[in-house]
Amino acid sequence: MGTAAAAGGGGGGGARRWLRWLGLCLWAAGAAAARGTDNGEALPESIPSAPGTLPHFIEEPDDAYIIKSNPIALRCKARPAMQIFFKCNGEWVHQNEHVSEESLDESSGLKVREVFINVTRQQVEDFHGPEDYWCQCVAWSHLGTSKSRKASVRIAYLRKNFEQDPQGREVPIEGMIVLHCRPPEGVPAAEVEWLKNEEPIDSDQDENIDTRADHNLIIRQARLSDSGNYTCMAANIVAKRRSLSATVVVYVNGGWSSWTEWSACNVRCGRGWQKRSRTCTNPAPLNGGAFCEGMSVQKITCTSLCPVDGSWEVWSEWSVCSPECEHLRVRECTAPPPRNGGRFCEGLSQESENCTDGLCILDKKPLHEIKPQRWSRRGIENASDIALYSGLGAAVVAVAVLVIGVTLYRRSQSDYGVDVIDSSALTGGFQTFNFKTVRQGNSLLLNSAMQPDLTVSRTYSGPICLQDPLDKELMTESSLFNPLSDIKVKVQSSFMVSLGVSERAEYHGKNHSGTFPHGNNRTFSTMHPRNKTPYIQNLSSLPTRTELRTTGVFGHLGGRLVMPNTGVSLLIPHGAIPEENSWEIYMSVNQGEPSLQSDGSEVLLSPEVTCGPPDMIVTTPFALTIPHCADVSSEHWNIHLKKRTQQGKWEEVMSVEDESTSCYCLLDPFACHVLLDSFGTYALTGEPITDCAVKQLKVAVFGCMSCNSLDYNLRVYCVDNTPCAFQEVVSDERHQGGQLLEEPKLLHFKGNTFSLQISVLDIPPFLWRIKPFTACQEVPFSRVWCSNRQPLHCAFSLERYTPTTTQLSCKICIRQLKGHEQILQVQTSILESERETITFIAQEDSTFPAQTGPKAFKIPYSIRQRICATFDTPNAKGKDWQMLAQKNSINRNLSYFATQSSPSAVILNLWEARHQHDGDLDSLACALEEIGRTHTKLSNITESQLDEADFNYSRQNGL
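What you see is a predicted model; the values in this text were computed from it and never measured.

Student: I keep staring at the overall build of the protein chain and nothing clicks. Help me out?
Tutor: The secondary structure content of the protein chain amounts to 14 helices and 51 strands. Evaluated residue by residue, the protein chain yields a buried proportion of 44% over its 959 residues. The long-range fraction of contacts in the protein chain, counting pairs at least 24 apart against all pairs at least 6 apart in sequence, stands at 70%. Surface accessibility of the protein chain: about 50100 Å² in total, with carbon and sulfur atoms responsible for 52%.

Student: Would you explain the sheet that holds strand β12 (residues 177-179) in this entry?
Tutor: Through backbone hydrogen bonds, the strands of a sheet pair up, either in parallel or in antiparallel fashion. Overall, antiparallel pairing links the 3 strands, which are arranged β12-β17-β16 in an open sheet. Looking at strand neighbours, the two that pair on one side only are β12 and β16 (209-210), the edges of this open sheet. For β16 and strand β17 (residues 217-219), the ladder comprises 2 bridges, and the chain directions are antiparallel. For Asp-210, the partnering residue across the bridge sits in β17 and is Ile-218.

Student: Please clarify how the state of the cysteines should be interpreted in this entry.
Tutor: By definition, a disulfide links the sulfur atoms of two cysteines through a covalent bond. For the coordinates displayed, the defined rule picks out 8 disulfides. With its sulfur 2.2 Å from that of its partner, Cys-76 forms a disulfide with Cys-137. Negative torsions about the S-S bond denote left-handed disulfides, and the value of about -105 degrees found for Cys-76 with Cys-137 makes this one left-handed. Remark: Cys-137 occurs in strand β8 (residues 133-140) and Cys-76 occurs in strand β3 (residues 72-79); sequence separation between them is 61 residues. Residue classification places Cys-76 among the buried positions, given a relative accessible area of 0%. According to the relative accessible area criterion, Cys-137 is buried, its value standing at 0%. Each sulfur in the disulfide pair Cys-321 and Cys-355 lies 1.6 Å from the other. Taking the sign of the torsion about the S-S bond as the criterion, the disulfide between Cys-321 and Cys-355, at about 50 degrees, is right-handed. Residue Cys-321 is located in the loop between β22 (297-304) and β23 (326-330), and its partner Cys-355 is located in the loop between β24 (350-354) and α4 (367-412); the two are separated by 34 residues in the primary sequence. Note on Cys-355: relative accessible area 23%, which makes it partly exposed.

Student: What is the right way to read the packing of aromatic side chains from this model?
Tutor: The description of an aromatic ring pair uses the distance of the two centres, along with the angle that the planes make with each other. In the structure shown here, the tally under the stated rule is 15 aromatic pairs. Where Trp-637 meets Trp-785, the ring centres are 5.8 Å apart and the plane angle is 5 degrees; that geometry is what we call stacked. On the criterion of sequence distance, the pair formed by Trp-637 in strand β36 (residues 637-644) and Trp-785 in helix α7 (residues 781-785) is long-range, its members being 148 residues apart. Taking the relative accessible area as the measure of exposure, Trp-637 reaches 3% and is therefore buried. Among the aromatic residues, those joined into a cluster by ring pairs are Trp-637, Phe-749, Phe-781 and Trp-785.

Student: Would you mind going over the pattern of salt bridges with me for this structure?
Tutor: Side chains that carry opposite charge are capable of pairing whenever their charged atoms lie near each other. Evaluated as defined, the whole model comprises 24 salt bridges. Linking Asp-63 and Arg-149 is a salt bridge whose minimum nitrogen-to-oxygen distance equals 3.6 Å. Placement of Asp-63 in the loop between β1 (56-59) and β2 (64-67) and of Arg-149 in the loop between β9 (145-147) and β10 (151-158) is noted, with a sequence separation of 86 residues between them. Among the residues examined, Asp-63 registers a relative accessible area of 44% and is labelled partly exposed. Judged by its relative accessible area of 35%, Arg-149 is partly exposed. Here Arg-329 and Glu-351 are joined by a salt bridge, their closest N and O atoms 2.7 Å apart. On the criterion of sequence distance, the pair formed by Arg-329 in strand β23 and Glu-351 in strand β24 is long-range, its members being 22 residues apart. You can call Glu-351 partly exposed: its relative accessible area is 32%. Here the salt bridges share partners, and the residues they tie into one network are Arg-75, Lys-77 and Glu-114.

Student: Could you clarify how one ought to interpret the packing of helix α9 (residues 861-871) against helix α12 (residues 903-914) in this entry?
Tutor: Geometrically, a packed helix pair is captured by the angle between its two axes and the distance between the axes. Interhelical geometry of α9 versus α12 gives an angle of 135 degrees and a closest axis separation of 8 Å. Considered as vectors, α9 and α12 are oriented oblique to each other. Handedness of the α9/α12 crossing: right-handed. Residues Arg-864, Ile-867, Cys-868 and Phe-871 of α9 lie in contact with α12, whose contacting residues are Ser-904, Ala-905, Leu-908 and Asn-909. Of the residues contributing to the contact of α9 with α12, the split by class is 5 nonpolar, 2 polar and 1 charged.

Student: Explain the side chain of Ser-148 here, please?
Tutor: Here Ser-148 lies in the loop between β9 and β10. Here Ser-148 falls in the buried class, since its relative accessible area comes to 5%. A polar contact of 2.8 Å, which involves the side chain of Ser-148, links it to the backbone nitrogen of Cys-137.

Student: Please explain a nonpolar patch on the surface as it appears in this structure.
Tutor: On the surface, Ile-173, Leu-224 and Leu-286 cluster together into a nonpolar patch covering about 220 Å² of accessible area. Positionally, Ile-173 belongs in the loop between β11 (169-172) and β12.

Student: Whenever I open this one, the confidence of the model for the protein chain confuses me. Can you help?
Tutor: Residues shown with low pLDDT carry predicted positions that ought not to be read at fine detail. Here the protein chain shows a mean pLDDT of 75. Residues at 70 or above account for 71%. When the elements of the protein chain are averaged for pLDDT, strand β28 (residues 496-501) gives the smallest value, 30, and strand β35 (residues 622-627) the largest, 95. Confidence over residues 1-24 falls short of pLDDT 50; this stretch has 6 contacts with residues more than four positions distant or in other chains. Counted against residues more than four places away or in other chains, residues 933-959, with its pLDDT under 50, gives 37 contacts.

Student: Any chance you could explain the nonpolar core here in plain terms?
Tutor: Looking at soluble globular proteins, one finds that nonpolar side chains tend to be buried together. In terms of nonpolar packing, the biggest core is built from 70 residues, with Leu-570, Leu-624, Leu-714, Ile-758, Ile-812 and Ile-814 touching the most fellow members. Ignoring any residue separated from it by four or fewer positions in sequence, one finds Ile-758 in contact with Val-716, Cys-718, Ala-775, Cys-776, Gln-777, Val-779, Cys-794, Phe-796, Ile-812, Cys-813 and Ile-814.

Student: Mind showing me how you'd approach the sheet that holds strand β50 (residues 821-829) here?
Tutor: Pairing in this open sheet of 4 strands is antiparallel, and the strands run β47-β45-β49-β50 from one edge to the other. Looking at which strands have only one partner, the edges of the open sheet turn out to be β47 (776-779) and β50. When strand polarity is set aside, the average angle formed by the axes of neighbouring strands in this sheet is 15 degrees. Here strand β45 (residues 756-761) runs beside strand β49 (residues 807-816); their pairing, made up of 6 bridges, is antiparallel. Bridging from a neighbouring strand, Ile-758 pairs with Ile-814 of β49.

Student: What is the right way to read helix α6 (residues 723-736) from this model?
Tutor: The α-helix advances 3.6 residues per turn, and as a result positions three or four apart in sequence lie on the same side. In this model, α6 (14 residues) spans 20 Å end to end at C-alpha, consistent with the 20 Å of a helix rising 1.5 Å per residue. Most of α6 is tucked away, with 13 of its 14 residues classed as buried. In the segment just after α6, Gly-737 is the residue with positive phi, at about 80 degrees.

Student: Help me understand the environment of Val-716, please; the structure alone is not making it clear to me.
Tutor: In this structure, Val-716 sits in strand β42 (residues 711-720). When residues no more than four places from it in sequence are discounted, the contact partners of Val-716 are Ala-700, Val-701, Ile-758, Leu-792, His-793, Cys-794, Phe-796, Ile-812 and Ile-814.

Student: What's the story with the side chain of Gln-822 in this structure? I'm lost.
Tutor: Tracing the backbone through its elements, the reader meets Gln-822 in strand β50. On the accessibility criterion, Gln-822 (17% relative accessible area) is buried. Within the local environment of Gln-822, its side chain forms a polar contact with the backbone oxygen of Leu-746, the two atoms lying 2.7 Å apart.

Student: Looking at this structure, how should I read the environment of Lys-643?
Tutor: Its place among the elements puts Lys-643 in strand β36. Judged by relative accessible area, Lys-643 falls into the partly exposed class, the value being 23%. Considered as a pair, Lys-643 and Leu-596 are 47 residues apart in the sequence and their alpha carbons are 9.6 Å apart. With sequence-adjacent residues up to four places away left out, Lys-643 is seen in contact with Lys-649, Trp-650, Glu-651, Val-653, Ser-678, Phe-679, Gly-680, Thr-681 and Tyr-682.

Student: Is there a simple way to explain the environment of Val-192 in this structure?
Tutor: Considering the arrangement of structural elements, one finds Val-192 in strand β14 (residues 191-196). Take Val-192: its relative accessible area is 24%, and that puts it in the partly exposed class. Linking Val-192 and Met-233, residues 41 residues apart in sequence, is a C-alpha distance of 5.5 Å. Every residue in contact with Val-192, bar those within four places of it in the chain, is listed here: Pro-183, His-215, Cys-232 and Met-233.

Thresholds applied
Residues numbered from 1 in each chain as written. Predicted model: local features only at pLDDT ≥ 70, side-chain atom pairs only at ≥ 80, totals over all residues. Heavy atoms only, no water. Helix = DSSP H or I, 4+ residues; strand = E, 2+ residues; numbered from the N terminus. Buried < 20%, exposed > 50% of the residue type's maximum accessible area, 1.4 Å probe, protein only. Contact = heavy atoms within 4.5 Å. Areas by Shrake-Rupley, 256 points an atom, 1.4 Å probe, with all protein chains shown as cover. Pairing = 2+ DSSP bridges. Disulfide = S-S within 2.5 Å. Phe/Tyr/Trp six-rings, centres within 6.5 Å; stacked < 30°, edge-to-face > 60°. Salt bridge = Lys/Arg side-chain N within 4 Å of Asp/Glu carboxyl O. Axes fitted to C-alpha atoms, helices over the stretch in contact; angles between N-to-C directions. Parallel < 35°, antiparallel > 145°, perpendicular 65-115°, else oblique. Left-handed = near helix turned anticlockwise from the far one by under 90°. Nonpolar A, V, L, I, M, F, W, Y, C, P; charged D, E, K, R; others polar. Polar contact = N/O pair within 3.5 Å; in protein donor to acceptor, adjacent residues only side chain to side chain. Patch = residues over 30% accessible without salt bridge, like charges linked within 9 Å, V, L, I, M, F, W, Y side chains within 5 Å. pLDDT = per-residue confidence, 0-100. Core = buried A, V, L, I, M, F, W, Y, C linked by side-chain atoms within 4.5 Å. Expected span 1.5 Å × (residues − 1).

Following this line, the structure appears as structure tokens:
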């Protein structure tokens with residue numbers, strides 16, 4: 001046994017040495033891991049071994065990112081390797097945390113060892129060193145050790161907010177667009193992708209777009225198709241982030257086309273003008289581009305030579321008698337000769353006759369043989385001369401008889417008169433008037449017992465067609481001839497009119513209940529011919545000029561201020577006035593002489609509207625509605641909004657077609673709705689671009705309320721089609737005792753320089769009469785085109801044959817030469833007792849000029865908040881506030897709304913201003929349904945729901 005033990009001991013010496021070395025390695029590794037030391041001496045860098053090679057790493061650990069709370073695995077693989085351990089941040093990882101796998105490389109027969117470890121988020125967060133958390137593999141073989149590369153382990157994240165969002169821009173076509181984007185901070189760094197209208201942009205397919213320059217989007221040459229909403233997308237292995245959308249608008253500035261050829265001179269003879277034109281269509285303005293600067297029409301003077309007809313010189317002396325027994329005389333067409341296309345002289349230039357008194361031989365024959373034949377021809381000529389002279393004598397007698405007849409007829413018709421004698425007075429001519437006034441102390445003609453003194457006379461000169469009834473008061477220096485029905489005009493000659501007071505010295509006027517239709521409706525409803533009485537009313541209850549002002553106290557809830565019968569209103573949105581504040585806001589309309597003086601061809605199209613106080617500051621734009629009289633067309637009008645400064649000068653705020661972020665103008669057919677930030681005095685002006693520019697005129701005919709004599713006066717008005725202008729006419733007629741005889745109508749008056757004609761037609765021939773040659777009057781173009789200065793009217797005086805005639809039926813024709821025409825059918829009773837007076841029901845805006853709080857708005861506040869919350873948020877399908885604007889016919893200057901804190905709220909304010917009378921919630925509900933954001937029609941909201949919404953709104957605001 002001893003030998004065996006010895007042998008066994010001798011044979012087991014090598015085995016013991018290997019076991020001792022392996023135990024030493026395992027003990028050292030375990031001890032180092034247990035102590036957690038980082039001195040690098042826990043495991044030997046090299047261990048003696050049998051001859052071999054150093055470990056070679058087949059796979060080294062890679063950099064890794066920890067996503068959220070998920071641990072990551074680091075691995076490495078080496079051959080030949082007897083052992084592999086990880087070392088992290090200079091410390092050995094405990095052997096229990098290693099997962100080791102061993103295999104044999106079949107090609108080389110060497111051992112291959114692969115090791116895994118897991119690194120948690122907590123380990124990385126607990127490490128606080130000068131560098132990132134790192135791990136490294138150390139592999140042992142028989143020959144020695146090898147180290148792998150260091151692998152970094154970082155916690156991945158991506159912050160929410162972009163360091164720089166892209167900003168919207170407006171650029172001209174072919175300009176450069178640069179949208180900057182700085183993505184949020186993240187590990188690893190985020191990659192950026194651009195979207196246009198929610199679709200990815202591929203710069204590889206479009207050479208005009210570059211997205212490689214520091215995350216920015218560069219469009220080298222802007223095209224119209226580049227307009228849209230651009231979004232910057234940032235993403236890494238953790239999350240994706242989306243920037244705010246930037247709206248890019250590529251606009252095109254207008255350019256003039258080539259000038260047309262000069263037109264022919266407008267006159268055939270003398271001094272005239274010729275013109276040429278161009279259009280802003282090369283290119284046309286697009287997407288808010290600037291309109292062409294300069295004139296679209298040029299005119300120059302031209303002189304056409306007048307044609308001169310030729311005229312004969314005097315006959316020359318007779319020539320010497322020729323062998324044919326004749327002598328000649330001639331004349332030339334040189335006194336003057338025809339020039340410039342004039343006609344040549346009529347008649348013969350040469351004349352001949354016999355010069356021997358029959359003593360000459362003609363054709364080798366004695367003269368007495370040929371005399372009978374010649375005298376027979378001359379007898380025929382004498383017979384034709386007698387017939388000619390007889391006809392001329394008969395014509396002279398007929399003309400003399402006609403002249404005598406006309407003279408007698410004019411003398412028989414000289415007993416009655418008319419206000420207007422000759423239309424030439426309207427075209428700048430003046431006529432002399434002889435006014436005979438009553439004695440002093442009876443200027444109002446209220447006592448019929450006092451007869452007028454016709455011995456005192458005064459002579460005035462002035463045009464017949466008065467532009468304002470106040471002119472007549474100035475002419476008489478008193479109210480002697482007021483009302484106009486007391487004026488009688490007698491014609492004495494074509495240039496002299498005698499104006500005297502009729503025998504009726506009393507004026508009786510009765511006040512009837514009722515009001516005149518008013519409001520913002522620009523056209524009256526169609527009347528049945530048998531039921532015109534609603535328009536034949538007493539006008540005594542309408543306000544005077546001094547009452548065109550209204551005020552109201554408004555607070556945080558906002559409200560609406562309406563000027564009755566003028567079409568002018570002011571909408572104060574909710575929240576425009578800070579909480580716990582209130583202001584007394586006023587609004588007025590200038591009814592006097594306009595302070596805005598037109599320049600050149602510029603025309604005032606609206607009243608001057610003042611709102612204040614001027615020092616008030618609002619946080620949300622308010623809406624001001626101003627009526628106008630233009631037939632809206634961007635092709636024919638260039639309409640501007642102007643504001644009066646504190647120095648009294650007028651400055652242009654913007655053109656209606658311009659793009660601006662300071663204010664917004666929405667032009668409807670009869671009114672302009674303006675979104676403003678400051679109070680002041682505003683007005684609309686228009687510059688006609690072409691001769692087709694049209695002003696809308698309202699034409700109406702008024703008559704006397706009562707008529708106790710044989711005279712009856714008709715007054716025809718042509719005023720701008722604005723409620724303000726017509727209210728002024730109604731106010732004047734109220735003082736005159738006037739009565740509306742027919743429904744007013746619209747006349748489209750073109751800016752083609754042609755005048756306006758007003759005529760009375762179809763007067764009953766045996767019941768009424770009017771002075772010959774005075775039934776038609778003509779008004780110059782300039783007075784009608786600029787009629788906003790004062791109301792324009794013309795008067796006609798009719799006379800009954802007998803007092804028993806109580807009905808008047810005729811037609812008033814108002815037409816523009818080479819333009820539009822309107823017919824007013826007059827059919828009325830001149831006796832007050834036979835007329836019906838029907839009271840007109842006034843609209844709500846005249847009863848409640850100031851409305852405050854939720855009741856002033858058509859859309860309930862709770863529904864309004866839901867709409868704003870829905871559409872102010874950008875949507876991937878484009879269903880945002882821009883779609884809401886488009887569905888409400890707001891298609892331009894969208895950049896103004898983009899600058900507002902709540903674009904949807906401003907759009908709804910504009911909708912409230914446009915629908916203040918109809919409150920058409922159905923149209924708004926249909927627009928929302930088309931967009932696809934709501935399926936509930938606002939018009940189906942019951943009164944109880946509206947009241948509940950208003951009640952909840954009041955509770956939320958502490959009311």
